[in-house]
Amino acid sequence: QAPLVISYLRTPVLYYLHEPPRYLYEPSSRLDAGSLSWRAIVDRADPTIHLYRDTARRLDLKATRAAQAVLVNSAYMRNVVARIYKIDSAICYHGVDAAIFRPRSDVARRGYVPSVGSIQPSKGLDFLIESLGRLSEKVRPSLRLIGNSEIVGERRYLESLAGRWSVDLRID
């Protein structure tokens, strides 16, 4: 979510928007993990959750639109920002020195697919597990997820899915 202070600053603001908060602007690609739990059922009927999201969305729109310039990391994200915020943004690609950061032939491959980031439904990790599960077991690599945070119930869902698809999964 955009820093709310942007709306109150009197100095020019350049805001680098990695991505809009998905939970505010995108429908879930699937039911949330554990969606049949009593908590999920109560949450669907709880008007305060909808009030919170509506308020958070309104504040995010206000703060983002208050910036004098918004930078994004790709043409795709520029289109997303235009659709959601109705503003123009400039693309600023991440700077990576390809002479330093490149595959090295002297490092042995470890036989797994790594994924680094939060463990949540919007990351499409279920798609990744199902995709690996469609590979022949002879060539199927294991999957290693390194997460800095996770949505409650998502780990259990992914572990169950990996079991159904016979994908060796490790979550750190």
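Residues numbered from 1 in each chain as written. Predicted model: local features only at pLDDT ≥ 70, side-chain atom pairs only at ≥ 80, totals over all residues. Heavy atoms only, no water.

### Describing the overall build of the protein chain
- Scanning the protein chain from terminus to terminus reveals 6 helices and 6 strands.
- Secondary structure elements in the protein chain, listed N-terminal to C-terminal, are β-α-α-α-β-α-β-β-α-β-α-β.
- Taken over the C-alpha trace, the protein chain has a radius of gyration of 20 Å; the compact-globule value for 172 residues is 16 Å, which it surpasses by more than 25%.
- With the C-alpha coordinates of the protein chain rotated into their principal frame, the extents come out at 60 × 55 × 25 Å. (Helix = DSSP H or I, 4+ residues; strand = E, 2+ residues; numbered from the N terminus. Rg over C-alpha atoms; globule rule 2.2 N^0.38 Å.)

### Side note on the packing of aromatic side chains
- By the definition in use, this model includes 1 aromatic pair.
- Aromatic pair Tyr25 and Tyr85: ring centres 5.7 Å apart, planes at 65 degrees, arrangement edge-to-face. A residue pair is termed long-range when its members are at least 10 positions apart, and Tyr25 in helix α1 (residues 22-25) and Tyr85 in helix α4 (residues 75-85) qualify at 60 residues. (Phe/Tyr/Trp six-rings, centres within 6.5 Å; stacked < 30°, edge-to-face > 60°.)

### A short note on unusual backbone geometry
- Phi is positive for Lys86, close to 60 degrees, though the residue is something other than glycine.
- Position of Lys86 among the secondary structure elements: in the loop between α4 and β3 (90-91).
- A residue is classified by how much of its surface remains accessible, and Lys86, at 62% relative accessible area, is exposed.
- Positioned with a positive phi, Ser166 is a non-glycine residue whose angle comes to about 55 degrees. (Buried < 20%, exposed > 50% of the residue type's maximum accessible area, 1.4 Å probe, protein only.)

### A few points about the nonpolar core
- Tyr15, Val81 and Tyr85 are the most contacted members of the largest nonpolar core, which has 19 residues in total.
- Where this core is concerned, the elements lending two or more residues are α1, α3 (47-66), β2 (69-72) and α4.
- Considering each element in turn, this core owes the most residues, 5 residues, to α4.
- Ile119, Ile129, Leu161 and Ile171 belong to the second largest nonpolar core, which has 12 residues in total. (Core = buried A, V, L, I, M, F, W, Y, C linked by side-chain atoms within 4.5 Å.)

### Some remarks on the sheet that holds strand β1 (residues 14-16)
- Taken together, 3 strands build an open sheet; the order of strands is β1-β2-β3 and the sheet is parallel. Of all the strands in the sheet, the pair left with one neighbour each is β1 and β3.
- In terms of strand pairing, β2 meets β3 through 2 bridges, oriented parallel. By the bridge assignment for β3, Leu71 is matched with Ala90. (Pairing = 2+ DSSP bridges.)

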